[in-house]
Amino acid sequence: MRGFLPHPLASAALFALWLLLAQSLSPGHLLIAALTALGGGATLALLDAPRARIRRPAAILTLGGRLAVDMLAANLATLRSILSARPPRASFLDVPIGLRDPYALATLSIVVTCTPGTIWVEFDDTTGVLTLHVLDLDDPARMVAFIQRRYEAPIREIFE
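Computed from a prediction, not measured in an experiment: that's the story for all the values here.

**Q** Give me helix α3 (residues 58–83): which residues, what numbers.
**A** For α3, which comprises 26 residues, the first-to-last C-alpha distance of 38 Å matches the rise-based estimate of 38 Å (1.5 Å per residue) to within 8%. Taken together, the buried positions of α3 are occupied by A59, L63, L67, D70, A74, T78 and S81. In this fold, the buried residues of α3 make contact with α4 (102–114) and α5 (140–159).

**Q** Run through the nonpolar core, naming residues and quoting values.
**A** Judged by nonpolar contacts, the single largest core of 24 residues is most densely connected at V95, I97 and L108. Broken down by secondary-structure element, the contributors of at least two residues to this core are α3, β1 (91–96), α4, β3 (129–134) and α5. Tallying contributions element by element places α5 first for this core, with 7 residues.

**Q** I'd like to hear about the sheet that holds β1, residue by residue, with values.
**A** Read across the sheet, 3 strands follow the order β1-β3-β2 without closing on themselves; strand pairing throughout is antiparallel. Looking at the sheet topology across the chains shown, the edges are occupied by β1 and β2 (118–124). Strand-to-strand twist across the sheet, computed as the mean angle between neighbouring axes with direction ignored, equals 25°. Contacting β2 and β3, α4 crosses the sheet at an angle of about 150° to β2. With respect to the sheet, α5 is in contact with β1, β2 and β3, its orientation differing from that of β1 by roughly 50°.

**Q** Quick rundown of the pattern of salt bridges? Include the residues and the values.
**A** Per the stated rule, a full pass over the model turns up 6 salt bridges. A salt bridge links R56 to E157; its shortest N-O distance comes to 2.8 Å. Remark: E157 occurs in helix α5 and R56 occurs in the loop between α2 (27–47) and α3; sequence separation between them is 101 residues. When its relative accessible area of 43% is taken as the criterion, R56 is described as partly exposed. E157 sits in the partly exposed class, given a relative accessible area of 35%.

**Q** Go over the environment of L5, please, and point to the residues and values.
**A** As for its position among the elements, L5 is in the segment before α1 (8–22). In sequence terms L5 and G40 are 35 residues apart; their C-alpha atoms lie 9.9 Å from each other. Setting aside residues no more than four positions away along its own chain, L5 makes contact with S11 and L38.

**Q** So what's going on with the packing of α4 against α5? Residues and values would help.
**A** Taken N-terminus to C-terminus, the directions of α4 and α5 make an angle of 145°; their axes are 10 Å apart at the nearest point. Helix-helix and strand crossings are classified by hand; for α4 and α5 the assignment is right-handed. Residue-level contacts link Y103, A104, T107, L108 and V111 of α4 to Y151, I155 and F159 of α5. Looking at the contact of α4 with α5 residue by residue, the class counts come to 7 nonpolar, 1 polar and no charged.

Cut-offs used in this document
Residues numbered from 1 in each chain as written. Predicted model: local features only at pLDDT ≥ 70, side-chain atom pairs only at ≥ 80, totals over all residues. Heavy atoms only, no water. Helix = DSSP H or I, 4+ residues; strand = E, 2+ residues; numbered from the N terminus. Expected span 1.5 Å × (residues − 1). Buried < 20%, exposed > 50% of the residue type's maximum accessible area, 1.4 Å probe, protein only. Contact = heavy atoms within 4.5 Å. Core = buried A, V, L, I, M, F, W, Y, C linked by side-chain atoms within 4.5 Å. Pairing = 2+ DSSP bridges. Axes fitted to C-alpha atoms, helices over the stretch in contact; angles between N-to-C directions. Salt bridge = Lys/Arg side-chain N within 4 Å of Asp/Glu carboxyl O. Left-handed = near helix turned anticlockwise from the far one by under 90°. Nonpolar A, V, L, I, M, F, W, Y, C, P; charged D, E, K, R; others polar.

Rendered as structure tokens:
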């Protein structure tokens, strides 16, 4: 079964996603969803990526809750910044990060980029410095501490 369906969860997710996006259960869409699922699982097997090891699954809920609250707050802060008369204090920010696991770094990149007003620019794996662009940066030291405490710490719990 592993040879025919090497990544069953990814294939099931692709199958369901196709049907959700198509909003149809017609035979044609079921066939395309099945082909997409089989092809996607086979392609993922060819990439030969190491499997992610989740150490503390409960920390995912903590991170998700924090991200939801922070996204709402960042949306409001970004809106306030755009509507205010003063120009934003956009700046690049270097954040020292201790994460090295590729899945942990990918998760951090998604978290940072999902939060309005921040964009992941670069990560130097030799120094462990993450460069972000922040739309309205008033206190760099506070922002560095915020990212390390609020995002890096739970991601480290999940993956390391």
